Amino acid sequence: MGTITGALLSKPRVFRCIAIGVSAGGMHALSTIIPALPKDFPIPIVVIQHISPLSDNYTTRYLDSISRIHVKEVDEKERLRRGTVYTAPPNYHVLVEEDETFSLSVEERINFARPSVDVFFESAAEVYGDSLIGVILTGANSDGSKGLKKIKEEGGVIVVQDPQNAEVEGMPKAAIETVTPHFVLKLDELAPFFVKMAKHGRKKTELIPENI
Amino acid sequence: MINKKEFVSIDIPDFEDDFQFGWKKENEKIELDLLLEAIYQKYHYDFKDYSRAHIKRRVLYRMRISNMENLSQMQHQILYDRSFFETLLMDLSINVTEMFRDPSFYLAIRKKIIPQLKKYSFIKLWHAGCASGEEVYSMAILLKEEGLYSRTQIYATDFNTIALQKARSAIYPIDMIKDYTSNYQKAGGINSFAEYYTAKYDSVILDSTLKERIVFADHNLVTDGVFGEMNLILCRNVLIYFTRKLQNRVIKLFMESLTPSGFLCLGTKETLQFSEYAQFFSSIVEKEKIFQRKPDDNA
């Protein structure tokens, strides 16, 4: 856990959204991260997971049942709130509006996927700029790489699961090849990392000076 | 106490950049508003009450692949070049659909709604936002199998005239047929799906008798009016692109277009719950978003 004990941003920053993209191997990854978060975790989390268009989104109900934090499927025009993990509905793309409400779309698949990670990441980067954390976890294709690059360009913090530690390495590997992440973390480091980032924005006394 | 080795430095743009960031964002917002206003004044298509995130995504996509610097430049092109506007109009209308999309919805229609429609001697059905027609023909097949098609009139409308032409042609790419066949079976289809199409090269053309009771027409939900006396209205995955205000207008339009006890079918993630008109409907199949107008409007 050495890489996360003191994270380091050069100025105080309150993160307003964590966007997670995940595909094959997602069930195990999400069941490791989400239940490890506190009930009142202050940053809304949005999970874009590749699932079958005909899925009944069992994963969402299962994650909700094993977690303290509330896990639910995105509804259109719903406002992002703290203490909640939102999952993309099967067969819909998810976008976020300037007023921090969700929009859904059935436009064509992107990277063979609907929901597509790129679609949400790009839209969230536009809205949240540097108050966004983008995360790519285990998966088999390259969806999310472009979106992650966009998040970094707009000033957000980007994190990729260590490909060697991922159930399926394709998606994290593609992301790292496209853009250099600020953090490469193992699965069990992610929840503590999120908690740290949430505190970072709140307790100014913890701030670390620049250029350490 | 803190071990320096434990730190990871992150390269983050600083505050002068934040000012630039805000400046650019503000201009983009103004430019997008002006672009939509220009489209409305010049061509009378009103996208001002569409979901902005969606519109922005589509517009920026067109801007990038047309090598334009900004939306002001695009606005000029829109005003002076009709063909460019038509290209953007295609980008802004979503024409992605499939036959028997959401098979469980069609199964619910077959089991729960058809028995009620059978009571009527003549059935009027409006498919609003039919795009390239795949779902209209799906409904035609279902009605045929239930013995209702000969006494049904289907009005299939969209604002996108190019999509309507495609719908009228009833020609679709052959590589989708495997998925459609699977959807058809899951939707409770009682025949072999192959009976409904003829393959030619890389396309299929649907059985021409499926077209007999369908009128395709140009209609814009945002600017056009009531389409009367319908027993059933389908409008699936259209309202998700609208603001709440526009959703309300369209739901009122549907309410006024339905006969008492007429049915309204929305997309899986759409709801009447937040509409001013929710009280005039009851939910018939919750999961499939099938509603019925209450016979008494004083409900």
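Since the structure is predicted, the reported quantities are computational estimates derived from the model, not experimental observations.

Mind showing me how you'd approach the nonpolar core here?
Generally speaking, nonpolar side chains in soluble globular proteins are found buried as a group. In this structure, Phe120 of chain A together with Phe47 and Met74 of chain B are the most contacted members of the largest nonpolar core, which totals 80 residues. Tallying contributions element by element places helix 3 (residues 117-128) of chain A first for this core, with seven residues. Both domain 1 (16-92) and domain 2 (103-293) of chain B contribute no fewer than three residues apiece to this core. When residues no more than four places from it in sequence are discounted, the contact partners of phenylalanine 120 of chain A are Ala19, Val46, Ile48, Val94, Leu95, Val96 and Phe102 of chain A. By size, the runner-up hydrophobic cluster in this structure holds 44 residues, among which are Ile113, Leu117, Ala156 and Phe216 of chain B.

Help me out: how do you make sense of the layout of surface pockets in this one?
Which parts of space are left empty comes out when a probe the size of a water molecule is rolled across the atoms. One number sums up the size of the second largest pocket: a volume of about 910 Å³. Along its surface, the second largest pocket is lined by 34 residues, and Glu73 of chain A together with Thr268, Lys269, Lys287 and Lys289 of chain B are the ones closest to its centre. When contributions to the lining of the second largest pocket are tallied by element, the ones reaching two or more residues are helix 2 (58-66) and strand 3 (70-73) of chain A together with helix 5 (103-117) of chain B. When residues in the lining of the second largest pocket are grouped by element, the largest group, three residues, is from strand 3 of chain A. In the lining of the second largest pocket, the residues fall into nine nonpolar, nine polar and 16 charged.

Would you explain helix 5 of chain B in this entry?
It helps to recall that an α-helix has 3.6 residues per turn; residues three or four apart then point in one direction. Residue and element names in this part refer to chain B. Here helix 5 is 15 residues long and its end C-alpha atoms lie 20 Å apart, about the 21 Å a rise of 1.5 Å per residue gives. Residue arginine 110 marks the point of greatest curvature in helix 5, where the axis turns by about 35°. Listing the buried residues of helix 5 in full gives Pro103, Phe105, Tyr106, Ala108, Ile109, Arg110, Ile113, Ile114 and Leu117.

Please clarify how the packing of aromatic side chains should be interpreted in this entry.
In this description, a pair of aromatic rings is defined by centroid distance and the angle of the planes. All names here are of chain B. Here the structure, examined in full by the defined rule, presents 24 aromatic pairs over all chains. With 5.7 Å between their ring centres and 45° between their planes, tyrosine 45 and phenylalanine 85 make a pair best called tilted. Taken together, the residues tyrosine 45 in the loop between helix 1 (15-43) and helix 2 (52-65) and phenylalanine 85 in helix 4 (residues 82-92) connect sequence positions 40 residues apart. As far as the burial class goes, tyrosine 45 and phenylalanine 85 line up, both buried. Centre to centre, the rings of tyrosine 155 and phenylalanine 227 are 5.7 Å apart; their planes meet at 75°, and the pair counts as edge-to-face.

Would you take a moment to explain the sheet that holds strand 9 (residues 281-285) of chain B for this structure?
Strands in a sheet are paired, the pairing made by backbone hydrogen bonds, and the direction either parallel or antiparallel. Residues and elements named next belong to chain B. If you trace the seven strands from one edge of the open sheet to the other, you get 6-2-1-7-8-10-9, paired in mixed fashion. Strands at the two margins of the open sheet, each flanked by one partner only, are strand 6 (214-218) and strand 9. Between one strand and the next, the sheet's axes are offset by a mean angle of 20°, whatever the strand orientation. Relative to strand 10 (residues 290-293), strand 8 (residues 258-266) runs antiparallel, the two being bridged by three bridges. Counted as the bridge partner of phenylalanine 263 is glutamine 292 from strand 10.

Is there a simple way to explain the packing of helix 2 of chain B against helix 4 of chain B in this structure?
What describes two packed helices is the angle between their axes and the distance between those same axes. Residue and element names in this part refer to chain B. It is the contact of helix 2 with helix 4, at a shortest axis distance of 9 Å, that shows an interaxial angle of 135°. Considering their axes alone, helix 2 and helix 4 lie oblique with respect to each other. For the crossing formed where helix 2 meets helix 4, the hand is right-handed. Of the residues in helix 4, those in contact with His54, Ile55, Arg58, Val59, Tyr61 and Arg62 of helix 2 are Phe84, Thr87, Leu88, Asp91 and Leu92. Split into classes, the residues belonging to the contact of helix 2 with helix 4 amount to six nonpolar, two polar and three charged.

What exactly am I supposed to notice about the domain arrangement of chain B here?
Interface size, as often reported, equals the accessible area lost upon joining of the parts. Residue and element names in this part refer to chain B. Each domain of chain B was delimited in the assignment, giving domain 1 (16-92) and domain 2 (103-293). Between domain 1 and domain 2, the residue contacts involve ten residues of the former and twelve residues of the latter. Summed over both partners, the interface of domain 1 with domain 2 comes to about 1100 Å²; 63% of that surface belongs to carbon and sulfur atoms. In terms of surface lost to domain 2, no three residues of domain 1 exceed Asp49, Tyr50 and Met90, which account for 51% of the buried area on that side. Between the two partners, domain 1 and domain 2, sit one salt bridge. Along the contact surface separating domain 1 from domain 2 lie three residue pairs in polar contact (both at pLDDT 80 or more). Residues belonging to the side of domain 1 that touches domain 2 are distributed by class as follows: five nonpolar, three polar and two charged.

Just to check I follow, could you spell out the environment of lysine 111 of chain B for this structure?
Residues and elements named next belong to chain B. Position of lysine 111 relative to the elements: it lies in helix 5. Since its relative accessible area comes to 59%, lysine 111 is described here as exposed. Sequence-wise, lysine 111 and aspartate 175 are 64 residues apart; in three dimensions their C-alpha atoms are separated by 30 Å.

Explain helix 3 of chain A to me, please; I cannot follow it from the model alone.
All names here are of chain A. Taking 1.5 Å of rise per residue, twelve residues should cover 16 Å, and helix 3 covers 16 Å from first to last C-alpha, within 8% of that figure. Two to three positions downstream of the cap, the backbone nitrogen of aspartate 118 sits 3.2 Å from a side-chain oxygen, assigning the N-cap of helix 3 to serine 116. Immediately beyond the C-terminal end of helix 3, within one or two residues, lies glycine 129, with a positive phi of roughly 50°.

How do you make sense of unusual backbone geometry when you look at a structure like this?
Going from arginine 114 of chain A to proline 115 of chain A, the amide bond is cis rather than trans, its omega being 10°. Along the chain, the position of proline 115 of chain A falls in the loop between strand 6 (102-105) and helix 3. Unlike most non-glycine residues, phenylalanine 100 of chain B shows phi in positive territory, near 50°. Residue phenylalanine 100 of chain B is classed as buried on the basis of its relative accessible area of 1%. In the Ramachandran plot, glutamate 229 of chain B falls in the positive-phi region, its phi being about 55° despite a non-glycine side chain. By secondary structure assignment, the location of glutamate 229 of chain B is in the loop between strand 6 and strand 7 (230-235).

Mind showing me how you'd approach the environment of glutamate 145 of chain B here?
Residue and element names in this part refer to chain B. With respect to the element layout, glutamate 145 can be found in helix 6 (residues 134-145). Once the C-alpha coordinates of glutamate 145 and glycine 188 are considered, the two residues, 43 residues apart in sequence, prove to be 10 Å apart. Not counting chain neighbours up to four residues away, the residues in contact with glutamate 145 comprise Arg110, Tyr184, Gly189, Ile190, Asn191 and Tyr196. Within the structure, glutamate 145 has its side chain in polar contact with the side chain of arginine 110 (distance 2.8 Å).

What is the right way to look at the pattern of salt bridges in this model?
Oppositely charged side chains may form a pair once their charged atoms are brought near each other. Inspection of every chain in the model, using the stated rule, returns 36 salt bridges over all chains. Taking the shortest distance from any N to any O, the salt bridge between lysine 56 of chain B and glutamate 126 of chain A comes out at 2.7 Å. Taken together, the residues lysine 56 of chain B in helix 2 and glutamate 126 of chain A in helix 3 connect one chain to another. Residue classification places lysine 56 of chain B among the buried positions, given a relative accessible area of 18%. With its nearest N and O atoms 3.1 Å apart, the salt bridge here joins glutamate 146 of chain B to arginine 110 of chain B. Here glutamate 146 of chain B is found in the loop between helix 6 and strand 2 (152-158), whereas its partner arginine 110 of chain B is found in helix 5, with 36 residues between them in sequence.

Parameters at a glance
Residues numbered from 1 in each chain as written. Chains lettered and ligands numbered in written order. Predicted model: local features only at pLDDT ≥ 70, side-chain atom pairs only at ≥ 80, totals over all residues. Heavy atoms only, no water. Core = buried A, V, L, I, M, F, W, Y, C linked by side-chain atoms within 4.5 Å. Buried < 20%, exposed > 50% of the residue type's maximum accessible area, 1.4 Å probe, protein only. Helix = DSSP H or I, 4+ residues; strand = E, 2+ residues; numbered from the N terminus. Domains from an automatic or database assignment. Contact = heavy atoms within 4.5 Å. 1 Å grid on protein atoms, 1.4 Å probe; cavity = no way out; pocket = protein on both sides within 12 Å on 5 of 7 lines; lining within 4 Å. Points joined across faces, edges and corners; volume = space filled by probe spheres on them. Nonpolar A, V, L, I, M, F, W, Y, C, P; charged D, E, K, R; others polar. Expected span 1.5 Å × (residues − 1). Bend = angle between axes of the 7 residues up to and from the residue. Phe/Tyr/Trp six-rings, centres within 6.5 Å; stacked < 30°, edge-to-face > 60°. Pairing = 2+ DSSP bridges. Axes fitted to C-alpha atoms, helices over the stretch in contact; angles between N-to-C directions. Parallel < 35°, antiparallel > 145°, perpendicular 65-115°, else oblique. Left-handed = near helix turned anticlockwise from the far one by under 90°. Buried area = accessible area lost by both parts, 1.4 Å probe. Salt bridge = Lys/Arg side-chain N within 4 Å of Asp/Glu carboxyl O. Polar contact = N/O pair within 3.5 Å; in protein donor to acceptor, adjacent residues only side chain to side chain.

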